[in-house]
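Commentary on secondary and tertiary structure
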Amino acid sequence: MSHTTRAVKSASLSPRGSLEILSQQEVAKVRTTGQNGMHELFRRCALAILNTGSDVDNAKTLLEAYPDFDIELEQQDRGIKLIVKNAPAEAFVDDDMISSTREMLFSALRDIVYSQSGIDTHVDNLKSGKDITEYVFRFLRNARAFAPGREPNLVVCWGGHSINNREYKYTKNVGHELGLRGMNICTGCGPGAMKGPMKGGIIAHAKQRVQGGRYLGITEPGIIAAEAPNPIVNELVIMPDIEKRLEAFVRIGHGIVIFPGGAGTAEELLYILGILLHPDNISIPFPLILTGPKESEDYFQELHEFINTTLGFEAQQKYKIVIDNPAQVAREMAQGLHDVREFRIKMADAFHFNWLLTIDKAFQQPFEPSHENMAKLELSHKLPVHTLAANLRRAFSGIVAGNVKEQGIRTIEEKGPFEINGDPRIMEPLDRLLQAFVEQHRMKLPGAKYEPCYRLKK
C-alpha cells in the first residue's frame, strides 16, 4: 500500500507512566538531528511503537511508508509534552491515542535519553565486563524494571515473530499454564512467540485474580520496527544494543522458555548456552526449556543436532526439550524456579538481578555486522566451546541484521550478501539449519519472499 493512502493523525501528549521531567540539555538533544542528537533515533522507535499490530517486519519499509511522520518535544513550565505529527491512525481511538501506546512512547523517550544523554556513564565508554553489567543494572533500575522483594517468578520467553498459527496458539497455552502458577512473563515484546505467552498469561492471571501481573518487553532500537511492542506489554525497556538487551534478559529473568523461531531465536539460544557453558557458571541453576507443538518436533530435532555437532553433548545437557505439553513446561519451570530461589538465598544473591552469573566479554561487546566483521568471524572447534558459541551467536546476529534491520538491509542492498567462513564441520550443519529456517518460512513473516542475506563458504 502506498504511503499516500495511509490514514494519519497528529496529537499533543503529556507524560503518563514515566519521565515527567527532563533537563534543558536533554530536551535540546532530543530535538537535535545529526551526530550529537537523539531526534532520529527517537523518531524511528516512536514510529514502530505507533505501528503496533502491523504486518511489517522491515524497518526500512516502515520508514518509507510514513515519510512525513515526525515527533517533537516541548519543554513547558509543568513538564514536557510530545507533539506527534502524521502518525499511523491505528494508534488512536477516535482522536485519543491508545493508553498503552502513549505509555510506551514515554518509555522509549526515557530509555533513549538515559542511553544517549551522557549524564550517567555513557555506553561507549564502558571498558570492562563489570562496567557493562553495572550499566545494564543501572539502565534497568532507571526503567523501574526491578521488583525487589518478589519471589523469583519472571520467565523469559524467546521465539520467532514469524511463526505459524499452530505454534502461536501453543505459545499462548504455555503462557496460560505459566500464569496459572503465578509466573510473570518477559519477552522481546513483539508479535508471534513474544505476544502469545503474554496473551495466555494475562488470561490466567485474571482467572487466578493475580494483581500486578508483569508483561515485561525488552527490545533495542535496531530491532524494534521488526518486533514492534505488542499492546499487552505493560513495562517496555529499550536497551542500547542487542548485547545489552540479551544480558538484561538473563540478569533479570529467572528461567527461559524457547519456542520455535528463526535466526534471532538461534542467536538467543547460542547466547544462553555460551553463558551456561562458562566454567564459572557450572553450578548456577538456570532452567532452560525448548518447547513447541507436535508439528514443531522436527524443528527442535534439527536445532538439537546442530548444537551437538557444533557445541557438543555438554551443551545439550543445559536444556530440556518438551514437545506438545504446556502443563509439563510450566511444572518443569516451577521446579526450576524453586531451585533458583534456594540457590539465591544460599548465596545471598538478589532475587531481582542475577549478579553471580559470569558473562564473558565476548558476549558483551557490541558486534557491528559489517561485511568485513562477518567474514572475519572464527568458527572453529579449536576454540573453547563458550567462545565458539559467542562467534556463532554473532553470525546469527548478522543474519538478523540483514533480514530486518534498516542499516543491515541497506548494507546488503549495496554490497551483496554477507560471507561467512569456517570449519566445514561447523559450516555444513549451519547450512542445513539455515536452509530449514528458509523452507519453514522462519526468516520473514508468512507470505513475504525471502532473499538470503548471507553466503556460506566452507
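These lines cover the structure that appears in this document, whether it is placed above or below. Just so we're clear, the structure is a prediction, and the values are computed from it rather than from any experiment.

Structural notes on the pairing of strand β6 (residues 154-158)
Burial within β6 is extensive, with five of its five residues counted as buried. A crossover connection joins β6 to the parallel strand β7 (residues 184-187) through helix α6 (residues 165-180); in handedness this β-α-β unit is right-handed. In terms of strand pairing, β6 meets strand β10 (residues 255-258) through four bridges, oriented parallel. Among the inter-strand pairings, Cys157 is bridged to a residue of β10, identified as Val257.

Here we look at the pattern of salt bridges
One pass over the structure, following the stated rule, counts 27 salt bridges. For the salt bridge of Glu235 with Arg214, the shortest nitrogen-to-oxygen distance reads 2.8 Å. Here Glu235 is found in strand β9 (residues 235-238), whereas its partner Arg214 is found in the loop between α7 (196-207) and β8 (215-219), with 21 residues between them in sequence. Both residues of the pair, Glu235 and Arg214, belong to the buried class. Put simply, Glu406 and Arg410 hold a salt bridge, and the shortest N to O gap is 3.0 Å. Of this pair, Glu406 and Arg410 both sit in helix α16 (residues 406-415), four residues apart, which is roughly one turn of the helix. On the accessibility criterion, Arg410 (30% relative accessible area) is partly exposed. A cluster of three or more residues bridged by salt bridges with shared partners is formed by Glu40, Arg43, Arg44, Glu406 and Arg410.

Comments concerning the layout of surface pockets
By volume, the largest pocket is sized at about 1,200 Å³. What lines the largest pocket is a set of 47 residues, among which Glu220, Pro221, Gly222, Pro240 and Glu368 lie closest to the centre. Of all the elements in the fold, those that place two or more residues in the lining of the largest pocket are α2 (39-50), α3 (59-65), α4 (99-116), α8 (242-252), α15 (385-404) and α16. Considered class by class, the residues forming the lining of the largest pocket number 23 nonpolar, 11 polar and 13 charged. Taken as a whole, the second largest pocket holds about 350 Å³ of empty space. If you go around the second largest pocket, you meet 18 residues; those closest to its centre are Phe286, Pro287, Leu288, Lys318 and Lys320. Those elements that provide at least two residues to the lining of the second largest pocket are β11 (288-292) and α12 (326-347). Here the lining of the second largest pocket gets five residues from one element, more than from any other, and that element is α12.

What counts and what doesn't
Along every chain, residues carry numbers that run from 1 in the direction the sequence is written. At least 70 in pLDDT is required for a residue's local features to be given in this predicted model, at least 80 for side-chain atom pairs to be given and counted, and no such filter applies to totals for whole chains, interfaces and linings, which use all residues. Only hydrogens and water are set aside; all other atoms, that is, all heavy atoms of the structure, feed into the side-chain values. Partly exposed residues are those whose accessible area sits between 20% and 50% of the maximum for their type, while under 20% is buried and over 50% is exposed, using a 1.4 Å probe and protein chains only. Where helices and strands are cited, they refer to DSSP runs of H or I of at least four residues and of E of at least two residues respectively, numbered from the N terminus. If the strands point away from the viewer and the path from the first strand over the helix to the second runs clockwise, then the crossover is right-handed. The criterion for strand pairing is that DSSP finds at least two bridges linking the strands in question. In the sections that follow, a salt bridge refers to a side-chain nitrogen of Lys or Arg positioned within 4 Å of a carboxyl oxygen of Asp or Glu. In the cavity and pocket records, a cavity denotes points on a 1 Å grid over the protein atoms alone where a 1.4 Å probe fits but cannot get out, a pocket denotes an open set with protein on both sides within 12 Å along at least 5 of 7 lines, and lining residues are residues with an atom within 4 Å of a point. Grid points are joined across faces, edges and corners, and a volume is the space filled by probe spheres set on the points. Basically, the charged four are Asp, Glu, Lys and Arg, the nonpolar ten are Ala, Val, Leu, Ile, Met, Phe, Trp, Tyr, Cys and Pro, and anything else, Gly included, counts as polar.

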